[in-house]
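Working through the structure, step by step
Residues per chain are reported as follows:
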Amino acid sequence: MRNTRRYLEGNAFGGRPRLVLASLGLFLLAGCGESQPPQAQDPRPVRTIVATSRAASDAVSLTGVVEAQNEATYGFRISGRIIDRLVNVGDRVAPGQVLARLDPQDEQNALRSAQAALGAANANLTQTRNQYERQRQLLARGFTPRAQYEQAEQAFLNARAQVDDAQARLQMAEDRLGFTELKADSAGVVTQRRAEPGEVVQAGQPVIEVARQDGRDAVFDVPAALLSGIPGDPEVEVALATDPAVRASGRVREVAPQADPVTRTFRVRVGLSNPPEGLRLGTTVVGRVMVDRGPVVEIPASALTRLNDKPAVWVVDPKNQTVALRTIEVLRFGPASVSVGEGLKPSEIVVTAGVQALHPGQKVRLLAAPAGASL
């Protein structure tokens, strides 16, 4: 019994020091392992390119509409009631063709009154002329006083002036009667009517609009940012939006000096050379022109990453062979490349493959570019 008790006590107290020593040895070994310096990581292999700059020009397409180079808005030169409108929208008109008529009754009455006034003035002129001739002959013989002769002469001159006035009034009455007919002064197509028979219109009020057939324009609303890149006398390719095979070329004929107050765009008119029949007035067209973008740097699209929700690229420091993340301004995205406006200079080294596994300051090893690699 005593032996058994000593045996248990020896195992209970004598075994604990050995266990503590074993645990302490493992702890010391673990501590020695952590104090060892970490092994340096190998440079990460990446593919790169050297950024180069070039003058860029892009084809810009804008949607516009076909309009006449010159449009005329016709209105009566006198007030009156319209009794007839002889054309509709889409009708072709010829020079001198009557477009609309006013009620001519008042003007016809004025014409008859002017004719009567001219007849009375002519009769008075004939009478005063005869008296003047008679007094002139009597004065030459000495049978009439000079005062009476001068009185007859003055009456004759007044009568002649009245005839001139009556003739002018008659001409005015004839003109006003002619003004009751609204006539076209050139060939064209009616694009709008603004008054109907039975309406009373004022002098100069628009009644008919005609697009003259002396040329067509393709009209575009161009943002101000594009105007600076458009050459001075560019050639613009214009095609029908619904059928690109119907096309014509032209040159910029007019640029609005002031931007639209709402859209902040400038109205640009392109004069079309020999437009086909398919490019009718009012049709929607697409204009294409080359715009100078200035010097830009192009890099592969695979080089792009993001920093603070902005486009960025990894740039290699050639001395330390480390990378740094830099934000850039992208001008244009292409299927395989992007054009960089700011943030990247020519001759800088840009990582094109392996960008997702990099971190700032990381050592890299530049791989040779694959044969035939290009932007």
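All of the points below concern the structure found in this document. It should be emphasised that the depicted structure is a prediction, and the values quoted were computed from it without experimental measurement.

1. A closer look at the overall build of the chain
Along its length, the chain carries 4 helices and 22 strands. By residue count, 31% of the 375 residues in the chain fall in the buried class. Counting only contacts in the chain whose residues sit at least 6 apart along the sequence, the fraction spanning at least 24 positions is 73%. Per element, the accessible surface of the chain, about 23500 Å² overall, is 51% carbon and sulfur.

2. A few points about the sheet that holds strand S8 (residues 188-193)
Pairing is antiparallel across the open sheet formed by 4 strands, whose spatial order is S3-S10-S8-S5. Each edge of the open sheet is held by one strand with a lone partner, namely strand S3 (71-74) and strand S5 (92-93).

3. Considering the sheet that holds strand S6 (residues 98-102)
What the 4 strands build is an open sheet, ordered S7-S6-S4-S9; its pairing is antiparallel. The sheet terminates laterally at strand S7 (181-183) and strand S9 (200-201), the two strands that pair on one side only.

4. What about empty space enclosed by the protein?
A complete count under the given rule lists 1 cavity of 30 Å³ or more for this structure. One number sums up the size of the largest cavity: a volume of about 150 Å³. Around the largest cavity, the lining is made up of 15 residues, and of these Leu62, Val222, Ile230, Val236 and Val289 lie nearest the centre. Elements with a contribution of two residues or more to the lining of the largest cavity: strand S2 (53-68), strand S11 (216-223), strand S14 (265-272) and strand S15 (284-300). In terms of residue count, the dominant contributor to the lining of the largest cavity is S15 (4 residues). Looking at side-chain class alone, the lining of the largest cavity contains 13 nonpolar, 1 polar and 1 charged residues.

5. Some details on the packing of aromatic side chains
For any pair of aromatic rings, the description consists of the separation of the ring centres together with the inter-plane angle of the planes. Summed over all chains, the structure comprises 2 aromatic pairs. Residues Tyr132 and Phe156 carry aromatic rings whose centres are separated by 5.4 Å and whose planes lie at 5° to one another, so their mutual orientation is stacked. Of this pair, Tyr132 sits in helix H2 (residues 105-141) while Phe156 is found in helix H3 (residues 146-178), placing the two residues 24 residues apart along the sequence. For the pair shown, Tyr132 and Phe156 are each scored as buried. Aromatic rings pair up to connect Tyr132, Tyr149 and Phe156 into one cluster.

6. Here we look at the environment of Val60
Mapped onto the fold, Val60 is located in strand S2. In sequence terms Val60 and Ile230 are 170 residues apart; their C-alpha atoms lie 9.8 Å from each other.

7. Thoughts on H3
Its 33 residues give H3 an end-to-end C-alpha distance of 48 Å, which sits within 8% of 48 Å, the value for a rise of 1.5 Å per residue. Looking at H3, one finds that the buried residues are Tyr149, Ala152, Phe156, Ala159, Val163, Ala166, Leu170 and Ala173. If you follow the buried residues of H3, they end up packed against H2.

8. Considerations on the nonpolar core
Phe76, Leu99, Leu182 and Ile208 are the most contacted members of the largest nonpolar core, which totals 18 residues. Among the elements of the structure, S3, S6 and strand S10 (208-212) are those that each provide at least two residues to this core. Among the elements that make up this core, the one with the highest residue count is S6 (3 residues). If near-sequence neighbours (up to four positions away) are discounted, Leu99 is found in contact with Tyr74, Arg85, Leu86, Val87, Val93, Leu182, Lys183, Ala184 and Ile208. Core analysis: the second largest hydrophobic core is formed by 17 residues, Val60, Val66, Val238 and Val285 among them.

9. Quick look at the pairing of S3
Side chains of S3 alternate between two faces, with Ala72 and Tyr74 buried and Glu71 and Thr73 left unburied. In this structure, S3 lies alongside S10, joined through 4 bridges in antiparallel fashion. Within the sheet, the bridge partner assigned to Thr73 lies in S10 and is Glu209.

10. Comments concerning the pairing of S8
When S5 meets S8, the two strands line up antiparallel, connected through 2 bridges. Opposite Arg92, over in S8, you have Val189 as the bridge partner. In terms of strand pairing, S8 meets S10 through 5 bridges, oriented antiparallel. Directly across from Gln192, in S10, lies its bridge partner Glu209.

Here is what the cut-offs are and how they apply
Throughout this document, residue positions are counted from 1 along each chain, in the order its sequence is written. The model is predicted, so local features are restricted to residues of pLDDT at least 70 and side-chain atom pairs to those at 80 or more, both for listing and for counting; the totals for chains, interfaces and linings are taken over all residues. Values reported for side chains reflect all heavy atoms of the structure, with hydrogen atoms and water molecules removed beforehand. Helix numbers and strand numbers start at the N terminus; a helix is a DSSP run of H or I with at least 4 residues, a strand a run of E with at least 2. Exposure categories follow from relative accessible area, calculated using a 1.4 Å probe and restricted to protein chains: below 20% of the type maximum is buried, above 50% is exposed, and the middle band is partly exposed. Contacts are assigned to residue pairs that have any heavy atoms within 4.5 Å of one another. The Shrake-Rupley method, run with a 1.4 Å probe sphere, supplies the accessible areas, and residue values consider only the shown protein chains as cover. One bridge is not enough; two strands pair if DSSP finds at least two bridges between them. A pocket here means an open set of points on a 1 Å grid, computed over the protein atoms alone, that has protein on both sides within 12 Å along at least five of seven lines. A cavity is instead a set of points where a 1.4 Å probe fits but cannot get out; residues with an atom within 4 Å of a point line either one. Grid points are joined across faces, edges and corners, and a volume is the space filled by probe spheres set on the points. Residues are grouped as follows: nonpolar covers Ala, Val, Leu, Ile, Met, Phe, Trp, Tyr, Cys and Pro; charged covers Asp, Glu, Lys and Arg; every other residue, Gly included, is treated as polar. Stacked, tilted and edge-to-face pairs are distinguished by plane angle, under 30 degrees for stacked and over 60 for edge-to-face with tilted covering the rest, among Phe, Tyr and Trp rings (Trp via its six-membered ring) whose centres lie within 6.5 Å. One less than the residue count of a helix, multiplied by 1.5 Å, gives the span that helix is expected to have. Nonpolar cores were defined as sets of buried Ala, Val, Leu, Ile, Met, Phe, Trp, Tyr and Cys residues, with membership established by side-chain atoms within 4.5 Å.

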